Amino acid sequence: MILVTGAGGNVGSELTGILTRGGHPVRALVRTPRPLPGGVEGVMGDLNEPTSLKPALEGVRAVFLLGGYEDMPGALTVMRDSGVEQVTLLSSRSVVGGHPDNAVAGMHMAAEAAVRESKLAWTFLRPSGFMSNTLQWVPQLRAGDVVREPFANVPVATIDPYDIAAVAAESLTTPGHEGRAYAITGPGSLRPADRLRVLSELLERKLRLEPLPDAEARVTMSTEMPEKYVDAFFRFFAEGEFDDSVVTGAVQDLTGREPRPFAAWARNHLAAFR
């Protein structure tokens with residue numbers, strides 16, 4: 001049995017589908033009841049409350065784990081005591097050369113440290129920015145043809161969450177990934193205007209990107225997330241603390257195929273932008 005945390009998220013939902021199609025028994029950790037793919041068992045639990053995980057962990061061999069929760073060491077202790085042998089942690093490329101006082105990098109660094117100290121077999125997945133972050137443009141595109149975006153000149157080797165899930169499935173179901181950390185990216189590095197150009201062609205609309213000035217971006221982002229995370233992203237992309245543009249071949253190496261390009265992701269999610 002494999003337990004998937006964050007099963008309703010961009011990566012977790014793809015992972016449950018890949019695992020079930022591959023014939024692997026899958027259990028989804030959910031905070032509240034929700035529809036799940038056929039063959040996926042949902043069990044209530046909360047990673048912020050480690051003791052609540054015990055029912056979900058019965059008979060579980062491996063866990064796909066998200067970081068950033070209040071008591072990661074406690075949750076991992078419950079997993080180990082319940083008989084879990086292996087954890088695949090969804091982390092971030094920002095941990096490599098990252099600064100612990102950066103809220104985003106520090107969160108992932110702390111999660112990796114907790115997993116290392118748990119004495120469980122582990123694999124770290126360190127993806128680039130998600131292609132699915134483009135869905136943040138939906139309200140603007142429904143209102144008009146202009147997208148206003150911060151850090152407009154910053155290229156990112158964006159990755160389809162499906163490819164993250166595919167690598168996760170490999171790490172959870174095949175041997176040889178213990179103690180490995182994989183930096184995984186999409187096939188190319190794109191600026192926001194590059195992504196918008198693809199959407200423009202697919203939607204057959206003349207869309208235009210308008211860079212959001214840093215001062216205005218900070219105000220807008222502060223309405224969407226805590227200030228410490230706003231500061232973290234400005235340190236990454238305005239001050240150059242993190243370069244998320246480098247493309248790696250890890251998806252091909254681990255799955256035997258090229259990672260999906262942004263155009264393929266966009267076609268699969270085009271209905272959301274109409």
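Cut-offs used in this document
Residues numbered from 1 in each chain as written. Predicted model: local features only at pLDDT ≥ 70, side-chain atom pairs only at ≥ 80, totals over all residues. Heavy atoms only, no water. Core = buried A, V, L, I, M, F, W, Y, C linked by side-chain atoms within 4.5 Å. Buried < 20%, exposed > 50% of the residue type's maximum accessible area, 1.4 Å probe, protein only. Helix = DSSP H or I, 4+ residues; strand = E, 2+ residues; numbered from the N terminus. Contact = heavy atoms within 4.5 Å. Expected span 1.5 Å × (residues − 1). Polar contact = N/O pair within 3.5 Å; in protein donor to acceptor, adjacent residues only side chain to side chain. Phe/Tyr/Trp six-rings, centres within 6.5 Å; stacked < 30°, edge-to-face > 60°. Lys NZ or Arg CZ within 6 Å of the ring centre and 35° of its normal. Salt bridge = Lys/Arg side-chain N within 4 Å of Asp/Glu carboxyl O. Axes fitted to C-alpha atoms, helices over the stretch in contact; angles between N-to-C directions. Parallel < 35°, antiparallel > 145°, perpendicular 65-115°, else oblique. Left-handed = near helix turned anticlockwise from the far one by under 90°. Nonpolar A, V, L, I, M, F, W, Y, C, P; charged D, E, K, R; others polar.

Asks: What exactly am I supposed to notice about the nonpolar core here?
Replies: A general feature of soluble globular proteins is that nonpolar side chains tend to end up buried together. Counting residues in hydrophobic clusters, the biggest one holds 30 residues, and the most contacted among them are V4, L15, F64, L125, I164 and I184. When residues of this core are traced back to their parent elements, those giving at least two are β1 (2–4), α1 (10–21), β2 (26–30), β4 (62–66), α6 (161–173), β8 (180–184) and α10 (250–255). Per-element accounting of this core gives the leading share, eight residues, to α6. Excluding residues that lie within four positions of it along the chain, F64 makes contacts with L3, V4, T5, V11, L15, T88, L90, L125, A168 and L172. With 24 residues, the next largest nonpolar core counts L57, M72, L89 and W122 among its residues.

Asks: Looking at this model, I keep getting lost on helix α4 (residues 103–117). Mind explaining?
Replies: Because the α-helix completes a turn every 3.6 residues, residues three or four places apart line up on one side. Helix length check: α4 (15 residues) gives 21 Å between terminal C-alpha atoms against 21 Å at 1.5 Å per residue, within 8%. Listing the buried residues of α4 in full gives A103, V104, A105, G106, H108, A111, E112, A114 and V115. Packing partners of the buried residues in α4 comprise β4, α3 (72–81), β5 (86–90), β6 (121–127) and α9 (227–237). The backbone nitrogen of V104 has a side-chain oxygen 3.0 Å away, supplied by the residue at the start of α4, namely N102. K119, located one to two residues past α4, shows a positive phi value of around 70°.

Asks: Just checking my understanding: could you explain the environment of G179 for this structure?
Replies: Position of G179 among the secondary structure elements: in the loop between α6 and β8. Residue G179 is classed as partly exposed on the basis of its relative accessible area, which comes to 45%. Between the C-alpha atom of G179 and that of R205, which follows or precedes it by 26 residues, the distance is 47 Å.

Asks: How should I be thinking about the packing of aromatic side chains in this particular structure?
Replies: For any pair of aromatic rings, the description rests on two quantities: the centre-to-centre distance and the angle between the ring planes. Tallying each qualifying case throughout the model produces 10 aromatic pairs. Note on F233 and F236: the rings are 6.1 Å apart at their centroids and 80° apart in plane angle, and the pair reads as edge-to-face. A residue pair is termed a helical-turn pair when its members lie 3 or 4 positions apart in one helix, as F233 and F236 do in helix α9 at three residues. Between F236 and F237 the ring centres are 5.8 Å apart and the planes differ by 65°, which places this aromatic pair in the edge-to-face class. Members of the aromatic cluster, each reached through a chain of ring pairs, are F151, F233, F234, F236, F237 and F242. In this structure, R116 is placed above the aromatic ring of W122, and the distance from its NZ or CZ to the ring centre is 5.3 Å.

Asks: Teacher, can you tell me more about the side chain of T5 here?
Replies: Along the polypeptide, T5 turns up in the loop between β1 and α1. Those residues in contact with T5 that sit more than four places away from it in its chain are L29, L47, V63, F64, L65 and L66.

Asks: Just checking my understanding: could you explain the pattern of salt bridges for this structure?
Replies: When charged atoms on two side chains of opposite charge get close, those side chains can pair. Under the counting rule described, the total for this entry stands at 17 salt bridges. The shortest N-O distance in the salt bridge between R31 and D46 comes to 3.8 Å. Linking R31 in the loop between β2 and β3 (40–44) with D46 in the loop between β3 and α2 (54–57), this pair joins segments that are 15 residues apart in sequence. Measuring nitrogen to oxygen at the nearest pair gives 3.0 Å for the salt bridge that ties R235 to D101. Of this pair, R235 sits in helix α9 while D101 sits in the loop between β5 and α4; the two residues are 134 residues apart in sequence, bridging distant segments of the chain. Given the relative accessible area of 58%, D101 is considered exposed. Salt bridges sharing partners connect three or more residues here, namely R148, R208, E210 and E216.

Asks: Just to check I follow, could you spell out the packing of α3 against α4 for this structure?
Replies: Helix-helix packing is described using two parameters, namely the angle between the two axes and the distance between the axes. For the pair α3 and α4, interaxial distance at closest approach is 9 Å and the crossing angle is 30°. When the axis of α3 is compared with that of α4, the two are roughly parallel. With respect to the hand of their crossing, α3 and α4 are arranged in right-handed fashion. Here α3 contributes M72, P73 and L76 to the contact with α4, which in turn contributes A111, A114 and V115. By residue class, the composition of the contact of α3 with α4 is six nonpolar, no polar and no charged.

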